[in-house]
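# Working through the structure, step by step
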Amino acid sequence: MSAAIADPEPAVFAALADPTRSRLLGMLAQQGDGTATSLAAQLPVSRPAVIKHLGVLDRAGLVSHRRAGREVRYRVEPARLDATARRIADLAAAWDRRLGALKALAEAGELE
């Protein structure tokens, strides 16, 4: 697995912002694992492009790789996605609380 980075969210968001990388991640999640060759066969991009995209996903902690003979097999690492999803949920809950408090003040006529 790749080395952990200090603040993973920017790398995760940057990695997922690219449609090809998002699709690769989805394919790996559905298939369990895959090689750059097997993944490239399912996409309209070259194998070298897939390898570069997998490298970005790996550095973001979204996939890991292992050598199996002559092949390098990639698989999804759900922990990074789970941590990012929890962080987003925490932020959403905090905003919901703030907006609820603002609404209560507005309804009580304390905002003018």
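For the structure, see preceding data.
Going along each chain's sequence as written, the residues are numbered from 1 onward. Totals for whole chains, interfaces and linings use all residues, but because this is a predicted model, local features are given only for residues with pLDDT of at least 70 and pairs of side-chain atoms are given and counted only at 80 or more. Side-chain measures here rest on the full set of heavy atoms in the structure, leaving out hydrogens and waters.

### Concerning a nonpolar patch on the surface
Patches here: salt-bridge-free residues with over 30% relative accessible area, like charges joined within 9 Å, nonpolar side chains (Val, Leu, Ile, Met, Phe, Trp, Tyr) joined within 5 Å. For the accessible areas, the method is Shrake-Rupley and the probe is 1.4 Å, while residue cover comes only from the protein chains on display. Think of a salt bridge as a Lys or Arg side-chain nitrogen and an Asp or Glu carboxyl oxygen that are within 4 Å of each other. Taken together, Leu91, Trp95, Leu99 and Leu102 make up a surface patch of nonpolar side chains, about 410 Å² in accessible area. Following the sequence through the fold, Leu91 ends up in helix H5 (residues 78-107). The buried label goes to any residue with under 20% of its type's maximum accessible area, the exposed label to any with over 50%, and the partly exposed label to all in between, with areas taken from a 1.4 Å probe on protein chains only. Owing to a relative accessible area of 39%, Leu91 belongs among the partly exposed residues under this scheme. Labels follow the DSSP assignment, with helices taken as runs of H or I lasting at least four residues and strands as runs of E lasting at least two, numbered in each case from the N terminus.

### Brief notes about helix H2 (residues 19-31)
For a helix, the expected span equals 1.5 Å multiplied by the number of residues minus one. For H2, spanning 13 residues, the distance from its first C-alpha to its last is 18 Å, which sits close to the expected 18 Å at 1.5 Å a residue. Among the residues of H2, Arg21, Leu24, Leu25, Met27 and Leu28 are the ones counted as buried. Taken down its axis, H2 places every buried residue within 160° of arc, on the same side. Pointing more than 90 degrees away from the buried face of H2 are the exposed residues Pro19, Ala29 and Gln30. The N-cap of H2, judged by a side-chain oxygen 2.8 Å from the amide nitrogen of Thr20 a few residues on, is Asp18. One or two positions beyond H2, positive phi appears at Gly32, with a value near 95°. By construction, the arc corresponds to the directions joining the helix axis to the C-beta atoms. Whenever two N or O atoms come within 3.5 Å, that pair is a polar contact, provided that in protein one can donate a hydrogen and the other can accept it, and provided that, for residues adjacent in sequence, both atoms are side-chain atoms.

### Focus on helix H4 (residues 47-59)
An α-helix turns once per 3.6 residues; consequently, residues spaced three or four apart project the same way. Its 13 residues place the ends of H4 18 Å apart at the C-alpha level, agreeing with the 18 Å of an ideal helix rising 1.5 Å per residue. All buried positions along H4 are accounted for by Val50, His53, Leu54, Gly55, Leu57 and Asp58. Backbone geometry just downstream of H4 places Gly61 in the positive-phi region, at approximately 85°.

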